[in-house]
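Now for the letters of each chain:
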Amino acid sequence: MSNTQETKPTPHPTPTADVKSTGAKIADFASDNGALVGLLVLCLGMFIATPDFLTPNNLLNVGIQASVVAILAFGQTFVIVTAGIDLSVGSLAALSAMVAAFTGQSWGMPPLVALLFGLLTGLAAGMISGAATAYGKLPPFIATLAMLSVARGLTLVVSNGIPIPTPSVVTWLGGDVGPIPMPVIVMLVMGALGWFTLNRLSIGRAMYAVGGNLEAARLSGIPVKRVLVTVYALSGLFAAVAGLVLSGRLASAQPQAATGYELDSIAAVVIGGASLAGGVGKISGTLIGALVLAVIRNGLNLLNVSAFWQQVIIGLVIAVAVGIDVLRRKRT
Amino acid sequence: MSDQPILTLDHVSKRFGSITVVDDVTLNVNPGKIQVLLGENGAGKSTLINMVAGVHEPSSGQIIVDGHPTRIPDTKASEALGIATIHQELQLVSSLSLAENIMMGRLPRRFGLVDKGEMYRLATEALTTVGLHVDPRMPAGALGIARQQLVEIAKALSLKARLLILDEPTASLTKHEIEHLFGVISQLRSEGVGMVFISHHLDEISAIGDSVTVIRDGKFVAEVPATTPEPELVRLMVGRTIDEQFPRRATPPQEPLLSVEGLTRKGAFTDVSFEVRAGEVLGIAGLVGAGRTEVVRAIAGADSYDTGTVTVDGKPLSKGRIAAAIAAGVGLVPEDRKAFGLVLGASVEDNLGYVTLMSSARYGLVDRRGQARRASEVAQRLAVRMRGLGQRVSALSGGNQQKVVLGRWISAGSRVLLLDEPTRGVDVGAKVEIYQLMNEITAAGGAVVMVSSELPEVLGMSDRILVMSDGRVAGVLAVADADQPTVMSLAVKEVESDRV
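Along every chain, residues carry numbers that run from 1 in the direction the sequence is written. The order in which chains are written sets their letters, starting at A; the order in which ligands are written sets their numbers, starting at 1. In keeping with the predicted nature of the model, local features appear solely for residues at pLDDT of at least 70, side-chain atom pairs appear and are counted solely at 80 or more, and the whole-chain, interface and lining totals rest on all residues.

Asker: Would you explain the confidence of the model for chain A in this entry?
Answerer: Where the model shows low pLDDT, its predicted coordinates should not be examined in detail. Here chain A shows a mean pLDDT of 90. Residues at 70 or above account for 92%. The low-confidence segment residues 1-18 of chain A (pLDDT under 50) makes 28 contacts with residues lying over four places distant or belonging to another chain. Values of pLDDT, ranging from 0 to 100, describe the predictor's confidence in every residue of the model. We call two residues in contact when the distance between their C-beta atoms, placed using the backbone, is within 7 Å.

What follows is the structure, given as structure tokens:
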């Protein structure tokens, strides 16, 4: 058990990492980046199965398909790193997009202001979930489950159950810049912001501490409650961005948009190597996780596999991916 | 009783990858004898007993049970051979009843349903063997650590264990509880149960052991009688003589740094007042449950309190606010470092940097260079033994983990350190290093409050000793006027009458 790994009081420990062969280094890399290796193997398999997979057009399609889930999942990564979970992201995506469309259409707000309203909606709703968790002591599962229902309901209330056309700037978010689709660009920008937050901001590093051992973090003076409110607020904000991109793609905010996406976002995060127990998780892993899901869906579509079977296959992929990860961690 | 050992580990070794953790160790356990296993943290004791418990199989060498070479591939096999291991971390499920814990996995059944009457009868029988007369319907979590330990032993005995392995059973017990435990152990010995006993408390060895096997760095060092004098045992264990167990260098006390006035929280502590001067070590002694941990946690802002004031350097602290306490220079090294002190999955560097993480940030950005520099400086100063700052803190030995928790405060420049059982589960060598660090802190004008259940440590390292009993200050002694009997008599004052 833990004692087997205790360091010996030898004055000159030999650094074993320096003497490893190139082969061993590659093996280490593969074992450390299981999700990436999985993604590459998957792409190779798809390429062999159907030549249509590796065309520039199709790859951009994969990018678009991945983008909304990836953006949601970046936000979800913050939450899962703190050992929480956010079930409300799909509903918040729909609500934020709807608020942007509604304020643009019915209140006649300028497009940029309408966009801002959409973003603030996600942020505020996330803060409420965070406060309910941090101060109200509700378990994250319950707080965000409640928010899932409230936000979806509000989306229907605001829209009266009818889709609303999106403001111009939102439609632009769903369009293309030259050959590159905007959703892919937004995904990369949000990924970069997510990475920066987790790795360069002190509050990001604090998220890992809170998820790893909340009490130790608290006793070290880390403002645990502020950290928790921040992660749910960020998750809400990222959900809003995802919702805007999704509605922009369709040029209208749909009341039932992004239903069930919270589960895809959680799947992307855990395929990317994060642990629901907290303290572990990376934006790069999450991106890979979202791409894995998108490649599977895309490939199965190209292969004409029915949508019903696709669900079955995706479920199995999640189980296998996380299972491999658990085994790998056990070995080290 | 035959003279044949119940268990022999015959030249066993265990390698993990290229690292040899146990190297050619031989150990015999005879019926009705207590074999003490002695070694520093990281010497390989746990790996050795894990071989017997069925957690690891030896890479080479043999396990011989009752004269027959045997394999113990898993814990079930170990149990079937009559071997029971009481781990340091207790394995009881605190929400289940004592009876369910004791009978777990073999609940008596009737008509396919659990036969509760029979279950309670068997559990009561098992509890009686260890002298526990409590209701078996009671949840295990309602008992203190000491009695939970006895419940584990009761469970082992009800499994017809002939060989008990006790991994630091006394680590969190008070003197009185230890005496009771030793009574039970002696009784079992006279009934022919063989035992392997692991402890860091050298004085317990002669009190309970028959013979001592010493290992160091995974290797067998010596087998000596339990009557061997302590300094000789220490020499065998660490491979050198430790001149002073308690190297306290007193510094002349200066102006008061921390003062506590009338601190009260209902049900935890009442009217606690004391003062600690710069350059001083105040030891807080008392029985487990006397409110010592609660008081230091309240001072550090970890918990709130009802009335009273805490003043640092003349400025009052607002209650229940950790950030305020830290800003005033107060640092708490909590009692249970794994539960409250460390983020086990994170690196040494991260763990060293949590206190300064937020305060050193500029515009919200991590001060990466500063954090790395502070971590490497403090790791060097505290001689943290590790492969590198990036190593996971969970891979360090207990003593080095404790240095990391302490280092976090040193690196933040804290001047008032509240150390709650700072040397629990820490080996002799690291203990002395922690004591020396306390000297450095006081020499630099800091103050130390040390809560400890180890009286020799309190007497050896404190300048003054505050004794708590039942949530109150029972007395404050200058170290020159204190000895074990005076401290103990204060610690038990009033306890008998007030407790339910």
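That shown, we press on.
Asker: What should I look at first to understand the sheet that holds strand S20 (residues 447-451) of chain B in this one?
Answerer: Pairing between sheet strands relies on hydrogen bonds along the backbone, with the strands arranged either parallel or antiparallel. Residue and element names in this part refer to chain B. Two strands form a pair only when DSSP identifies at least two bridges running between them. Put simply, DSSP marks the helices as runs of H or I at least four residues long and the strands as runs of E at least two long, and each gets a number from the N terminus on. Strand order in this open sheet of 6 strands is S18-S19-S20-S15-S21-S22, and the pairing throughout is mixed. Edge positions in the sheet fall to strand S18 (330-333) and strand S22 (472-478), since each has one partner strand and no second. Averaged over neighbouring strand pairs, the angle between their axes works out to 20° when direction is ignored. Sheet analysis places strand S15 (residues 281-286) next to strand S21 (residues 464-469), joined by 5 bridges and oriented parallel. Across the sheet, residue Gly 286 finds its bridge partner in S21, namely Met 468. On top of the sheet, helix H15 (residues 428-443) reaches S15, strand S19 (416-420) and S20; it is set at about 145° to S20, its chief contact. Axes, fitted as lines to C-alpha atoms, cover a helix only where it is in contact. Angles between the N-to-C directions of the axes lie from 0 to 180 degrees.

Asker: For this particular structure, what's the right way to read helix H12 (residues 348-359) of chain B?
Answerer: An α-helical turn contains 3.6 residues, so any two residues separated by three or four positions project in the same direction. Partly exposed residues are those whose C-beta has more than 12 but fewer than 20 other C-beta atoms within 10 Å; 20 or more makes a residue buried and 12 or fewer makes it exposed, with C-beta atoms placed from the backbone. Across the 12 residues of H12 of chain B, 11 count as buried, placing the element largely inside the fold. Listed in full, the buried residues belonging to H12 of chain B are Val 348, Glu 349, Asp 350, Asn 351, Leu 352, Gly 353, Tyr 354, Val 355, Thr 356, Leu 357 and Met 358 of chain B.

Asker: Which parts of the structure should I look at to understand the sheet that holds strand S17 (residues 315-316) of chain B?
Answerer: Residue and element names in this part refer to chain B. With respect to topology, 4 strands assemble into an open sheet ordered S14-S13-S16-S17, the strand pairing being antiparallel. Of all the strands in the sheet, the pair left with one neighbour each is strand S14 (269-277) and S17. Pairing of strand S13 (residues 256-265) with S14 involves 6 bridges; the strand directions are antiparallel. Bridge pairing in S14 links Arg 265 to Phe 269. Here helix H9 (residues 292-299) sits on the sheet and contacts S13, S14 and strand S16 (307-312); the angle it forms with S13, its principal contact strand, is near 120°.

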